[in-house]
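Breakdown of the fold
Listed below, chain by chain, are the residues.
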Amino acid sequence: MTHRIGLGFDVHRLEAGRPCMLGGIELPHPTGPLGHSDGDAVLHALADAVLGAAGLDDLGTLFSDKDPRWKGADSAALLGECVARVHAAGWRVENVDLVIATEGPRIAPHRAAMRARIAALLGVPSDAVNLKGKSLEGLGALANGAGVAVQAVCLLVKR
Ligand code: MG
């Protein structure tokens with residue numbers, strides 16, 4: 001096998017007073033993702049896509065939200081550990097694509113910065129990382145800025 005794909009998904013509540021960490025950067029916004037770690041749903045979905053493509057354990061198994069060691073953890077560091085495991089398993093990231101569904105922070109103004117940050121964490125060029133924000137049209141439990149849901153796909157290539 002020379003190529004493998006993986007899919008990741010994550011959802012977090014947005015709460016007042018939490019830093020709005022998404023995609024490895026802090027967005028200027030009055031609410032931020034609630035979580036045992038920094039709550040970065042973008043990096044969590046991405047980590048699960050990368051791990052899933054390599055056939056490795058998922059993020060919640062590697063870094064349990066019941067484990068005090070990961071309380072307040074920097075999700076960028078967790079993703080870095082996942083990428084190291086994927087490299088050790090003989091794979092490298094070819095490209096990733098993400099959908100960030102929220103009526104909390106606007107994604108478009110921060111898209112370029114988020115792509116650059118994620119690319120640096122994955123060790124790939126910025127054009128290997130794509131992402132887009134999507135509105136929820138005021139529907140469902142995530143409407144009115146109550147949360148953020150993220151889908152991610154990743155393609156790996158044999159090193
Ligand atoms: Mg999460």
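What comes next concerns the included structure. (Residues numbered from 1 in each chain as written. Predicted model: local features only at pLDDT ≥ 70, side-chain atom pairs only at ≥ 80, totals over all residues. Heavy atoms only, no water.)

Summarising the metal site, the magnesium ion is bound by the protein donors D10 (OD), H12 (NE2) and H44 (ND1), whose distances to it range over 2.1 to 2.2 Å. Site description for the magnesium ion: donor spacing in sequence, D-x1-H-x31-H. With D10 in strand β1 (residues 3-16) and H44 in helix α1 (residues 41-54), this residue pair connects regions lying 34 residues apart in the sequence. Here the two residues D10 and H44 agree in accessibility, since each one is buried. (Donors = N, O, S within 2.8 Å, 3.2 Å for Na, K, Ca; no water. Helix = DSSP H or I, 4+ residues; strand = E, 2+ residues; numbered from the N terminus. Buried < 20%, exposed > 50% of the residue type's maximum accessible area, 1.4 Å probe, protein only.)

Looking now at the pattern of salt bridges. Following the criterion strictly, the structure yields five salt bridges and no others. Between K132 and D97 there is a salt bridge; the shortest N-O distance is 2.6 Å. Note that K132 is positioned in strand β6 (residues 129-134) and D97 in strand β5 (residues 91-102), a separation of 35 residues in sequence. Classification of K132 by relative accessible area gives partly exposed; the value is 31%. (Salt bridge = Lys/Arg side-chain N within 4 Å of Asp/Glu carboxyl O.)

Here we come to the sheet that holds strand β7 (residues 147-158). Overall, mixed pairing links the five strands, which are arranged β4-β1-β7-β5-β6 in an open sheet. Each having just a single partner strand, β4 (31-33) and β6 make up the two edges of the open sheet. Geometrically, the sheet is characterised by an average inter-axis angle of 20° between neighbouring strands, direction not taken into account. Seen against the sheet, helix α4 (residues 111-122) touches β5 and β6 and runs at an angle of roughly 140° to β6. (Pairing = 2+ DSSP bridges. Axes fitted to C-alpha atoms, helices over the stretch in contact; angles between N-to-C directions. Contact = heavy atoms within 4.5 Å.)

Counted under the stated rule, the structure contains one aromatic pair. Taking 4.9 Å as the distance between ring centres and 90° as the angle between the ring planes, the aromatic pair formed by F63 and W70 counts as edge-to-face. There is no split in this pair, since F63 and W70 are both buried. In this structure, K158 packs its charged tip against the face of W91, placed 4.4 Å from the ring centre. (Phe/Tyr/Trp six-rings, centres within 6.5 Å; stacked < 30°, edge-to-face > 60°. Lys NZ or Arg CZ within 6 Å of the ring centre and 35° of its normal.)

It is worth spelling out the pairing of β5 at this point. The pairing of β5 with β7 spans 11 bridges and is classified as antiparallel. Bridge pairing in β7 links V96 to C154. Inspection of the sheet shows β5 paired to β6 by six bridges, in the parallel sense. Following the sheet pairing, V99 is matched in β6 by K132. The parallel pair β5 and β6, bridged by α4, forms a crossover whose chirality is right-handed. (Right-handed = clockwise from strand over helix to strand, strands pointing away.)

All quantities given are derived from atomic positions and should not be read as evidence of function.
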